[in-house]
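Residue-level structure breakdown
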Amino acid sequence: MLNHTSVTEFLLLGFPSLHHQQRLMAITLLASYLVIFVGNLLIISLLLAERDLYGPMYFFLCNLSCLEIFIATSILPKAIGNLLMGSKAISFPGCLTQCYFYSLLGSIEFVLLAVTSYDRYVAICHPLQYPMLINTQLCHQLLLGSWAAGFLATVVSAVLVARMPFCNANRIDHFFSDTDSALLIKLSCAETQMVELIPFVASSIILLGSLGMTAMSYLYIMNTILRLPSASSRHKPFSTCSSHFTFVILGYSSCIFMCIQPSSHHISYNKAVALLNTVVTPLMSPFLFSLRNQMMKDALKAAWKRRVINFVVV
């Protein structure tokens, strides 16, 4: 049964307090999106091209970079277009599509972060068993499980929101549509309490479950590292985990804040946190995962040298 609604489009109010800086905001977001897209695409290309970067950690890193591109693409092009054109409209199907894919991709990313932390736990705490425990088949199963968990966590709320009636109100005080913030759901002219509760519970399960697994993995990792006899032996595992750990802190802190502020209060804070989650974290990921990883830096230098040599030869 399809929903009966008189609303054909929604208005994304964006950043009304920055009314006179709309084009500057659009240029900033456009530059950020290009860096996110090109930077993560460079990491993906490097991981696929270099034989030295074929381990499980780089397999998961490649998928995380793909997710960063997908998440940014689901939000930023529409936001940039609205800022540049002065239009705030998004169609009803477009709004629901953006809601679903943002929630889906975000859920997958958090599960994949927990999987990556488990991979680091096995590599550091059980190095001799690592090739047997984390094999290619298990990597693909964990990746498939991450997508399945994200799908199951978001599909019910997506179906419920799509079936809700929307009568007159169509103004969303945000720069994108998102069911987790409940701003879209509250516009419905039907009872919304249960529909608000379901995405909140689902996102909390994904966040707290993956956070618990990540925290447990890092507790064991830190315990193992601190037991190593010398500072030089502790340096490599610390440097390997630091970029991932920084990314984890940025991602979890921003989304937990949005989960504990699901109402329409503190809208400006929610927008700032959403910018952190959709722009700043994806923007930093290419630098975190490349500049903080020695093998990535070596591979990047080797690829650059090959291109220079090929250019000179040609």
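Up top is the structure.
Presented here is a report on the structure given in the accompanying data block.

Thresholds applied
Residues numbered from 1 in each chain as written. Predicted model: local features only at pLDDT ≥ 70, side-chain atom pairs only at ≥ 80, totals over all residues. Heavy atoms only, no water. Phe/Tyr/Trp six-rings, centres within 6.5 Å; stacked < 30°, edge-to-face > 60°. Helix = DSSP H or I, 4+ residues; strand = E, 2+ residues; numbered from the N terminus. Buried < 20%, exposed > 50% of the residue type's maximum accessible area, 1.4 Å probe, protein only. Disulfide = S-S within 2.5 Å.

**Observations regarding the packing of aromatic side chains**
Enumeration over the complete set of coordinates arrives at twelve aromatic pairs. Arranged with centres 5.4 Å apart and planes meeting at 90°, the rings of F10 and F166 form a pair that is edge-to-face. Of this pair, F10 sits in strand β1 (residues 9-12) while F166 sits in the loop between α5 (136-162) and β3 (171-172), placing them 156 residues apart in sequence. For the pair shown, F10 and F166 are each scored as buried.

**What to know about the environment of V201**
Note on placement: V201 falls in helix α6 (residues 193-226). For V201 and A153, which are 48 residues apart along the polypeptide, the C-alpha to C-alpha distance reads 9.1 Å.

**Regarding the state of the cysteines**
Following the criterion strictly, the structure yields one disulfide and no others. What pairs with C167 in a disulfide is C189, and their sulfur atoms sit 1.9 Å apart. Because the torsion about its S-S bond is 65°, the bridge between C167 and C189 counts as right-handed. Pair noted here: C167 is in the loop between α5 and β3 and C189 is in the loop between β3 and α6, with a separation of 22 residues, a long-range link. By relative accessible area, which is 31% here, C167 ends up partly exposed. C99 forms no disulfide, and the closest cysteine sulfur to it belongs to C95, at a distance of 4.6 Å.

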